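Structural features, examined
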Amino acid sequence: MYANKKALSLIPNIEQEYVPLFRYAFGSTLLMCIAMTFVWDMAYLTPVLALSFIAPGTTVPSFKKGILFVITIAITTFIGFVFTKFFIHMKLVFIPIQTLAIFGIFYTNKLNAQVKVFMLISLLLIPLLGMQSIKIAHAFMVTFITGACITIVLVWLMFALFPDKDISANEIKSISKANQNNDEKERFYRSLEKIFIVLPIVLCFFFFQWTGAVLVLIFVAILSMQETFNLKSGFAMIIGNLGGGILAIIAFQILTMVPFYPMLICIIALGSLFCASHLFSNKKIAPLYGMGFSTFLLITGQFLTSTDDASANVWIRVFQIMTAIAYVLIAFSISKAFKIKPNS
């Protein structure tokens, strides 16, 4: 599909080292603009989750992988909705089933991180929304699957407009194998560790119905995918996400003064170029800009699509994200202190 990349490229004469940067900046801006234009349920999630497809070190998904991605998300989301519809009021039945499903996502090495994050968000948010209304959960199911379709199509478009140099099939396979963990015992214990981190916060959402703190659940799910999480990386995440929150607050203040759609496009484009220029550098702090930009898109998208008082809630959203990071950091630290190592 992408064998002749030069023929497909509509943006010629860009040095190869800048191609991923512009792909990331243009792709994230386009996705955000589409999401904010059509404003489906939780539209702000789509551009944030799609960033993992165009992040540093990624390659274009083949047609087969793209279709399998959409089918996997569709099946997972539909099954999650069906179980929510019939078992959400039977918590002693629903919670163990959901826990086993999440454990399976953590444990398997047949799926890449992008697919796993989409599946986690789906299985965590549908029950939360189903507790409010099954109609809301159904609407989210439809729009989440639609968002997955939009994501993969636009990712293909971005790689067509900004193609990488030719990468052989063997190189792609070696990259995917390098990201796999084939040690079953190690995967089992890591998955168990992640379950003990995610499960308490899920139970709190179930029994206390924290429907106003969706960002906490989203970030806990995303952060739980980290293979390593320690005090140093946790502090770095706090700094990176706090920076993204501050950028979102600045964007909110500008859009309050100049509430025009072209201004939103300019803000997103400038923010994406600024973060991408650092993210695709060789600096040690480069990953912080990726975290910050995700937070920037998430908070900006939420206050733009929210019907609540945005000026009051934008600071609360920043605090919620900081709370999620702090919780995961503490949970990982406790888990590490009592970690049971698999027998070699």
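Computed from a predicted model, the values in this text were never measured in an experiment. (Residues numbered from 1 in each chain as written. Predicted model: local features only at pLDDT ≥ 70, side-chain atom pairs only at ≥ 80, totals over all residues. Heavy atoms only, no water.)

Okay, the overall build of the protein chain next. When helices and strands are counted, the protein chain shows 14 helices and zero strands. In the protein chain, buried positions account for 48% of the 344 residues. (Helix = DSSP H or I, 4+ residues; strand = E, 2+ residues; numbered from the N terminus. Buried < 20%, exposed > 50% of the residue type's maximum accessible area, 1.4 Å probe, protein only.)

With that settled, the discussion passes to helix α13 (residues 286–305). The end-to-end C-alpha distance of α13 is 29 Å, a good match for the 28 Å that 20 residues give at a rise of 1.5 Å each. Counting buried positions along α13 gives 15 out of 20 residues, so the element sits mostly inside the fold. (Expected span 1.5 Å × (residues − 1).)

Here helix α2 (residues 19–38) crosses helix α7 (residues 134–161) at 145°, and the two axes come no closer than 10 Å. Read as a crossing pair, α2 and α7 show a hand that is right-handed. Every residue of α7 that contacts α2 at Arg-23, Phe-26, Gly-27, Leu-30, Leu-31 and Ile-34 is listed here: Ile-150, Leu-154, Leu-157, Met-158, Phe-159 and Leu-161. A breakdown of the residues in the contact of α2 with α7 according to their chemical character gives ten nonpolar, one polar and one charged. (Axes fitted to C-alpha atoms, helices over the stretch in contact; angles between N-to-C directions. Left-handed = near helix turned anticlockwise from the far one by under 90°. Contact = heavy atoms within 4.5 Å. Nonpolar A, V, L, I, M, F, W, Y, C, P; charged D, E, K, R; others polar.)

Moving on, we come to empty space enclosed by the protein. Per the counting criterion, the structure on display carries two cavities of 30 Å³ or more. Its boundaries defined by the atoms lining it, the largest cavity holds a volume of some 60 Å³. As for the largest cavity, its lining consists of Gln-98, Leu-124, Pro-127, Leu-128, Met-131, Val-202, Phe-205, Phe-206 and Leu-217. Looking at the lining of the largest cavity, the elements with two or more residues in it are α6 (113–132) and α9 (184–208). For the lining of the largest cavity, the element with the highest residue contribution is α6, accounting for four residues. (1 Å grid on protein atoms, 1.4 Å probe; cavity = no way out; pocket = protein on both sides within 12 Å on 5 of 7 lines; lining within 4 Å. Points joined across faces, edges and corners; volume = space filled by probe spheres on them.)

Taken as a whole and judged by the stated rule, the model has 16 aromatic pairs. Measuring from ring centre to ring centre gives 5.2 Å for Phe-53 and Phe-69, while their planes differ by 75°; the resulting arrangement is edge-to-face. Pair noted here: Phe-53 is in the loop between α3 (45–50) and α4 (63–87) and Phe-69 is in helix α4, with a separation of 16 residues, a long-range link. By the burial criterion, Phe-53 is buried, and Phe-69 matches it. Among the aromatic residues, those joined into a ring-pair cluster are Phe-53, Phe-69, Phe-118, Phe-140 and Phe-144. (Phe/Tyr/Trp six-rings, centres within 6.5 Å; stacked < 30°, edge-to-face > 60°.)

With that out of the way, let us pick up the pattern of salt bridges. A complete count under the given rule lists one salt bridge for this structure. Across the pair Glu-186 and Arg-190 runs a salt bridge whose closest N-O atoms are separated by 3.2 Å. Placement of the pair is Glu-186 and Arg-190 together in helix α9, with a separation of four residues, close to one helical turn. According to the relative accessible area criterion, Arg-190 is partly exposed, its value standing at 25%. (Salt bridge = Lys/Arg side-chain N within 4 Å of Asp/Glu carboxyl O.)

Counting through the fold element by element, Pro-287 comes out in helix α13. With 50 residues separating them in the primary sequence, Pro-287 and Met-237 have C-alpha atoms 9.0 Å apart.

The next thing to look at is the nonpolar core. The biggest cluster of nonpolar side chains holds 96 residues, and the ones touching the most others in it are Leu-45, Phe-69, Ile-121 and Leu-125. Ignoring any residue separated from it by four or fewer positions in sequence, one finds Leu-125 in contact with Met-42, Leu-45, Phe-140, Val-214, Leu-217 and Ile-218. (Core = buried A, V, L, I, M, F, W, Y, C linked by side-chain atoms within 4.5 Å.)

Where α2 meets α13, the closest approach of the two axes is 11 Å, and the angle between their N-to-C directions is 15°. One element, α2, and the other, α13, form an angle in the roughly parallel class. Along this stretch, α2 crosses α13, giving a crossing that reads as right-handed. The residues of α13 that touch α2, namely those facing Tyr-24, Ser-28, Met-32 and Met-36, are Gly-290, Phe-293, Leu-297, Thr-300, Gly-301, Leu-304 and Thr-305. (Parallel < 35°, antiparallel > 145°, perpendicular 65-115°, else oblique.)

With respect to the helices, strands and loops of the structure, Leu-123 is situated in helix α6. When near neighbours in sequence (up to four residues on either side) are disregarded, Leu-123 contacts Thr-76, Gly-80, Gln-98, Ala-101 and Ile-105.

We now examine a nonpolar patch on the surface. Together, Phe-63, Ile-67, Leu-68, Ile-71, Ile-75, Phe-78, Ile-79, Phe-83, Met-90, Val-93 and Ile-97 make up an exposed nonpolar region whose accessible area comes to about 920 Å². Breaking the nonpolar patch down by element, the ones donating at least two residues are α4 and α5 (91–107). Sort the elements by how many residues they give to the nonpolar patch and α4 lands first, with eight residues. For Phe-83, the position within the fold is in helix α4. Residue Phe-83 is classed as partly exposed on the basis of its relative accessible area, which comes to 30%. (Patch = residues over 30% accessible without salt bridge, like charges linked within 9 Å, V, L, I, M, F, W, Y side chains within 5 Å. Areas by Shrake-Rupley, 256 points an atom, 1.4 Å probe, with all protein chains shown as cover.)

Over its 20 residues, α2 runs 28 Å from end to end, which matches the ideal 28 Å to within 8%, given 1.5 Å per residue. Phi turns positive one or two residues past the end of α2, at Val-39, with a value near 45°.

To continue, consider the environment of Ala-269. Mapping Ala-269 onto the fold places it in helix α12 (residues 261–279). Given the relative accessible area of 24%, Ala-269 is considered partly exposed. As a C-alpha pair, Ala-269 and Gly-27 span 242 residues in sequence and 9.7 Å in three-dimensional space.

A word on the state of the cysteines. This structure, assessed with the given rule, holds zero disulfides. The structure places no disulfide on Cys-33, whose sulfur is separated from the nearest cysteine sulfur, that of Cys-266, by 9.5 Å. (Disulfide = S-S within 2.5 Å.)

Worth remembering: the numbers are spatial, not functional.
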